Amino acid sequence: MLELTILGFLHERPLHGYELKERIQGLSGHVRPVSDGALYPAITRLVKAGLVDSRTEPGAGAAPRRVLSLTAEGREELLGRLRSPKEVEITDGQRWFTLLAFLGLLPDPAAQAAVLRRRQAFLQAPASFFYEDGAPVRAEREPDPFRRGMLRIARATGTEEKAWLAETLAELDRAATEG
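Residues numbered from 1 in each chain as written. Predicted model: local features only at pLDDT ≥ 70, side-chain atom pairs only at ≥ 80, totals over all residues. Heavy atoms only, no water.

Points about the overall build of the chain
Okay, so step 1: If you tally the helices and strands in the chain, you get 8 helices and 5 strands.
Okay, so step 2: Each helix (α) and strand (β) of the chain, taken in turn from the N terminus, gives the series α-β-α-α-β-β-α-α-α-α-β-β-α.
Okay, so step 3: A globule of 179 residues ought to have a C-alpha radius of gyration of about 16 Å, yet the chain, at 20 Å, is considerably larger.
Okay, so step 4: Reported as C-alpha extents along the three principal axes, the dimensions of the chain are approximately 65 × 45 × 25 Å.
Okay, so step 5: When each of the 179 residues of the chain is scored for burial, the buried share is 35%.
Okay, so step 6: The contacts of the chain with a sequence gap of at least 6 include a subset with a gap of at least 24, amounting to 52%. (Helix = DSSP H or I, 4+ residues; strand = E, 2+ residues; numbered from the N terminus. Rg over C-alpha atoms; globule rule 2.2 N^0.38 Å. Buried < 20%, exposed > 50% of the residue type's maximum accessible area, 1.4 Å probe, protein only. Contact = heavy atoms within 4.5 Å.)

This is the structure:
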């Protein structure tokens, strides 16, 4: 997901490494902070793969700064990853939010809708944090108040997400038929 995030932010505009790190921190730092030990090797891999360009510019002070920008190949890679996300990017909440942050970069409403439909299908399957005899435990049957809270919060969040998905899919379907 780190590479997708880097490509996504660089799609918006070229950034210095520090600016890129701040944007990544803003998107997911409170949940999964990004370290220099993860960020800079990821940038190096993307540069070596020809997806990101790195050039040195004079800094505001004495130190030069590395400016990162997306190459044409990087743009294609980003759009490909957005069109066909991995299953874990659909099912894992934080990865899903990262994908959503950049899904608007796909120019085709039908392609956007296809990704949302995958998430919608995932959310339709009964699930829980806890199971009893192979069946999901419902909040109303959970005696522990903290686990009950987890289940109620997840249900409320899921209900809102399902409503948003239905609304957004209707909008995208209209845009796809009109366009």
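So, helix α6 (residues 93-103)
Okay, so step 1: Q94, W96, T98, L99, F102 and L103 are the residues of α6 that are buried.
Okay, so step 2: Backbone nitrogen of Q94 and a side-chain oxygen of the N-cap are separated by 3.3 Å at the start of α6; the cap is D92. (Polar contact = N/O pair within 3.5 Å; in protein donor to acceptor, adjacent residues only side chain to side chain.)

A few points about the sheet that holds strand β2 (residues 52-57)
Okay, so step 1: The 3 strands lie next to each other as β1-β3-β2, forming an open sheet whose pairing is antiparallel. Only two strands of the sheet have a single neighbouring strand rather than two, namely β1 (15-16) and β2.
Okay, so step 2: Two strands pair when backbone bridges link them, and β2 and strand β3 (residues 65-70) are joined in this way by 6 bridges, in the antiparallel orientation. Paired with T56 across the bridge in β3 is R66. (Pairing = 2+ DSSP bridges.)

As for helix α3 (residues 36-48)
Okay, so step 1: Over its 13 residues, α3 runs 18 Å from end to end, which matches the ideal 18 Å to within 8%, given 1.5 Å per residue.
Okay, so step 2: Buried within α3 are the following residues: L39, A42, I43 and L46. In an axial view of α3, the angular spread of the buried residues amounts to 100°, which keeps them on one side of the axis. Exposed side chains of α3 directed beyond 90 degrees from the buried face belong to G37 and K48. (Expected span 1.5 Å × (residues − 1). Arc of directions from axis to C-beta.)

Examining the pattern of salt bridges
Proximity of charged atoms lets side chains of opposite charge pair with each other.
Okay, so step 1: Inspection of the entire model under this criterion finds 11 salt bridges.
Okay, so step 2: E57 serves as the salt-bridge partner of R55, at 3.3 Å between the closest nitrogen and oxygen.
Okay, so step 3: The partly exposed category is assigned to E57, whose relative accessible area is 28%.
Okay, so step 4: Each member of the salt-bridge network shares a partner with another, and the members are E3, R45, E77 and R81. (Salt bridge = Lys/Arg side-chain N within 4 Å of Asp/Glu carboxyl O.)

Things to note about the packing of aromatic side chains
Okay, so step 1: This structure, assessed with the given rule, holds 2 aromatic pairs.
Okay, so step 2: Between F9 and F102 the ring centres are 5.0 Å apart and the planes differ by 90°, which places this aromatic pair in the edge-to-face class. Placement of the pair is F9 in helix α1 (residues 2-12) and F102 in helix α6, with a sequence separation of 93 residues. For the pair shown, F9 and F102 are each scored as buried.
Okay, so step 3: Considering the side-chain rings of F129 and F130, the 6.3 Å spacing of their centres and the 55° angle between planes classify their relative orientation as tilted. (Phe/Tyr/Trp six-rings, centres within 6.5 Å; stacked < 30°, edge-to-face > 60°.)

Side note on the layout of surface pockets
Okay, so step 1: Taken as a whole, the largest pocket encloses approximately 880 Å³ of empty space.
Okay, so step 2: For the largest pocket, the lining is made up of 28 residues, of which L123, A127, A154, R155 and G158 are closest to its centre.
Okay, so step 3: Among the elements of the structure, α6, α7 (109-124) and α8 (145-178) are those that each provide at least two residues to the lining of the largest pocket.
Okay, so step 4: Counting residues per element, the lining of the largest pocket draws most heavily on α8, which supplies 9 residues.
Okay, so step 5: In terms of residue class, the lining of the largest pocket is built from 15 nonpolar, 7 polar and 6 charged. (1 Å grid on protein atoms, 1.4 Å probe; cavity = no way out; pocket = protein on both sides within 12 Å on 5 of 7 lines; lining within 4 Å. Points joined across faces, edges and corners; volume = space filled by probe spheres on them. Nonpolar A, V, L, I, M, F, W, Y, C, P; charged D, E, K, R; others polar.)

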